[in-house]
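Observations on the three-dimensional arrangement
Residues per chain are reported as follows:
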Amino acid sequence: MTYKIGLLKGDGIGPEIVDSAVRVLQAVGKKRGIAFEFTPYLIGGIAIDETGEPLPQATIDGCLASDSVLLGAVGGPKWDMLSGNQRPEKALLGIREKMGLFTNLRPAKLYSALKEECPLRADIVANGFDMMIVRELTGGIYFGERGYRQGKYGEEAYDTEAYSRMEIERIVRVAFETARKRRKKLTSIDKANVLETSRLWRKIVHELAVEYPDVEVSDMLVDNAAMQLVRNPSQFDVVVTSNMFGDILSDEASQITGSIGMLPSASLGSGTRGLYEPIHGSAPDIAGQNKANPIATILSASMMLLYAFNEKSASEDIVNAVDRVLELGYRTADLARGKASLSTTEMTDKIIENL
Ligand code: IPM
Ligand code: MG
C-alpha cells in the first residue's frame, strides 16, 4: 500500500516547509513501514507565473486523484496588485471548495517546553492551554457575493456573509463530535447581537445540543472571545465558528502557543481526502533564507497520518519528536527571542533524529 500525496508547495516559505515535512514523512514511513508517493502541483503565485492562473485545472485534478494533499502557503507582494479573482489566495479558497473541505481543524496547544515563549503571564497559562478551533471553511463572507457598486457616498465595495442551515448544521455536528472525543466542552462563537447569520448559527447550535447531552455547550460573542483568549485561554476546549472568525481567532490562539509557526491544520470534507496545511502564510520577508519554522507543516503531516490514513503510531511519533526537540531547547528564529536558533533544515534534521 502506497499513499499518494499531492504537494502544493506554493509561494514564499512554502517550498522550504513542505520539503521539511516530506523528509519527516519519509523518515517516519521508513520506521513504520509506510510508503508514500509525492506528486507536486502548482498553486498560488508560482502557478500564475507558470500557467497564467492561480489554480490550474491540472492541480484540481491532481488533488482529487491523490489520497491526501499537503500544502505550504500562497501569496506574496509580487502578486498583490492583481484583482481579487486572480490573486494567489483565491486558489487556496478555490481548492478548499473544489475538494469540498468545509471543516478546518486548528489545534492550538501550549507545549510545556514553550511556556517561556508564551507571551501571556505565567499565572494565566498555569493550567496550560489546549484547544481545538473548528472553523467553517467553504462558506460565509469569504465565499459570498462581492463587488463594487454606486452607494450612498459614491463608489463602494461590498462583501456578503451568507450561511445556509445545511452549512451550519454540518460544521456544528463536526464540532460536537470533536468535543465528544476531547473534554466535552464546546464554545460556539458568533456575533448574534448584530448579525442575522449568527442568529441562525446560534439557533442551530441550540437545536443540535439536544442530541449531544454529554457535551457542555455555550455561546460567546466574538469580541468577548478575542478577549477571553488572552484573559483565560484554558477555559476553551473545542470552539466552533464561522470562516472569518475562525481565521482571525486561530491567528490569535497561535501566538499564545509561542509562535504562529507552531499551528498545523487539517481541512476535511465528508470523505477521507483532506488538505493539510500550516495556519500561517507565505512569510515573503524570510522566504528562501532557510529560516522558517517548519513545525506547523510537520505537525500538519502528522495530522494527515492520523485523519487520512489512520496511522496513529506514525502520527504520534512525529508529535513526540517535536515535543522532545523543543524540550531539548532547540528553537527556530521565531521562537528564539534573539538567542541562537536553528535553520529550517537543521530543525527538520533534529526532528528526524528524534523520531
Ligand atoms: C488561513 C489563511 C487563508 C484564509 C488566506 C491565505 C486565504 O489566512 O488559512 O488562515 O483566510 O483561510
Ligand atoms: Mg489565516
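Preceding this section is the structure that the text describes.
Summary of the structure given here. (Residues numbered from 1 in each chain as written. Chains lettered and ligands numbered in written order. Predicted model: local features only at pLDDT ≥ 70, side-chain atom pairs only at ≥ 80, totals over all residues. Heavy atoms only, no water.)

1. Re the pattern of salt bridges
Our working rule: Counted as salt bridges are all cases of a side-chain nitrogen of Lys or Arg within 4 Å of a carboxyl oxygen of Asp or Glu. Secondary structure elements are defined from DSSP: runs of H or I of at least 4 residues count as helices, runs of E of at least 2 residues count as strands, and each element is numbered from the N terminus. Partly exposed residues are those whose accessible area sits between 20% and 50% of the maximum for their type, while under 20% is buried and over 50% is exposed, using a 1.4 Å probe and protein chains only.
Going through the model one piece at a time under the given rule, you end up with 26 salt bridges. Between Asp317 and Lys31 there is a salt bridge; the shortest N-O distance is 3.4 Å. Taken together, the positions of Asp317 in helix H10 (residues 312–327) and Lys31 in helix H1 (residues 14–32) put the pair 286 residues apart, joining distant regions of the chain. Here Arg331 ties to Glu117 by a salt bridge, and the two come within 3.0 Å at their closest N and O atoms. Of this pair, Arg331 sits in the loop between H10 and helix H11 (333–336) while Glu117 sits in the loop between strand S4 (103–109) and strand S5 (130–136), placing them 214 residues apart in sequence. Neither residue differs from the other here; Arg331 and Glu117 are each classed as buried. Connected through salt bridges with shared partners, the residues Asp130, Arg182, Arg183 and Asp237 form a single ionic network.

2. Remarks on the packing of helix H5 (residues 165–180) against helix H6 (residues 196–209)
Definition in use: Working convention: axes come from line fits to C-alpha atoms, limited for helices to the stretch in contact. Angles between N-to-C directions cover 0 to 180 degrees. In what follows, roughly perpendicular refers to angles from 65 to 115 degrees, roughly parallel to angles under 35, roughly antiparallel to angles over 145, and oblique to any angle outside these ranges. By the definition used in this description, the sense in which the near helix is turned from the far one sets the handedness, with an anticlockwise turn below a right angle giving left-handed and a clockwise turn giving right-handed. In what follows, a contact means two residues having at least one pair of non-hydrogen atoms within 4.5 Å. When residue character is reported, Ala, Val, Leu, Ile, Met, Phe, Trp, Tyr, Cys and Pro are called nonpolar, Asp, Glu, Lys and Arg charged, and the others, Gly included, polar.
Packing of H5 against H6 leaves a shortest axis separation of 10 Å and a crossing angle of 50°. Considering the angle they form, H5 stands oblique to H6. Where H5 crosses over H6, the two elements pack in a sense that is right-handed. The residues of H6 that touch H5, namely those facing Arg165, Ile168, Glu169, Ile171, Val172, Arg173 and Phe176, are Thr197, Leu200, Trp201, Lys203, Ile204, Val205, Glu207, Leu208 and Ala209. Residues of the contact of H5 with H6, tallied by class, amount to ten nonpolar, one polar and five charged.

3. Details of the site of ligand 1
Worth spelling out the cut-off: Note on terminology: near, applied to a residue and a molecule or strand, indicates that one of the residue's heavy atoms is within 4 Å of it. Distance and chemistry together define a polar contact, namely a pair of N or O atoms within 3.5 Å, with one atom able to donate a hydrogen and the other to accept it when in protein, and with adjacent residues in sequence counting only for side-chain atoms on both sides. Per-residue accessibility takes into account occlusion by the displayed protein chains alone, with areas from the Shrake-Rupley method and a 1.4 Å probe. By convention here, the domain bounds are inherited from an automatic or database domain assignment.
In the vicinity of ligand 1, the contacting residues are Glu89, Leu92, Arg96, Arg106, Arg135, Tyr142, Asp247 and Ile279. One of the side-chain nitrogen or oxygen atoms of Arg96 is found 2.6 Å away from an oxygen atom of ligand 1. Interatomic distance of 2.8 Å between a side-chain N/O atom of Arg106 and an oxygen atom of ligand 1. For ligand 1, whose accessible area on its own is 320 Å², the fraction buried by protein is 79%. Ranked by residues supplied to the shell around ligand 1, first place goes to helix H4 (residues 88–98) with three residues. Considering only residue class, the shell around ligand 1 consists of three nonpolar, no polar and five charged. Taken domain by domain, the shell around ligand 1 gets at least three of its residues from each of domain 1 (1–101 + 283–355) and domain 2 (119–256).

4. Focus: the sheet that holds S4
Rules: Two strands qualify as a pair provided that DSSP identifies no fewer than 2 bridges between them.
Spatially, the ten strands line up as an open sheet ordered S2-S1-S3-S12-S11-S4-S5-S10-S8-S9, and their pairing is mixed. Looking at the sheet topology across the chains shown, the edges are occupied by strand S2 (35–40) and strand S9 (216–221). Summarising the sheet, strand S8 (residues 185–190) and strand S10 (residues 238–241) pair through four bridges and their orientation is parallel. In the strand pairing of S10, Ile189 is matched with Thr241.

5. Observations concerning H5
Using the following cut-off: A helix is expected to span 1.5 Å multiplied by its residue count minus one. It is the directions from the helix axis to the C-beta atoms that the arc portrays.
Under the 1.5 Å per step criterion, the end-to-end length of H5 is 22 Å for 16 residues, consistent within 8% with the ideal 22 Å. Regarding H5, the residues found buried are Glu167, Ile168, Ile171, Val172, Ala175, Phe176, Thr178 and Ala179. One side of H5 holds all its buried residues, which, seen down the axis, span an arc of 160°. Those residues of H5 that are buried lie in contact with S4, S5, S8, H6, S9 and S10.

6. Brief notes about the packing of aromatic side chains
Basically, it comes down to this: In this analysis, rings of Phe, Tyr and Trp, with Trp reduced to its six-membered ring, are considered paired at centre separations within 6.5 Å, and the interplanar angle assigns stacked below 30 degrees, edge-to-face beyond 60, and tilted for intermediate values.
For the coordinates displayed, the defined rule picks out five aromatic pairs. With centroids separated by 5.6 Å and ring planes inclined at 70°, the aromatic side chains of Tyr163 and Trp201 adopt a geometry described as edge-to-face. Of the two residues, Tyr163 is situated in the loop between strand S7 (154–159) and H5 and Trp201 in helix H6; the sequence distance between them amounts to 38 residues. Both residues of the pair, Tyr163 and Trp201, belong to the buried class. Note on Phe176 and Tyr212: the rings are 4.5 Å apart at their centroids and 5° apart in plane angle, and the pair reads as stacked.

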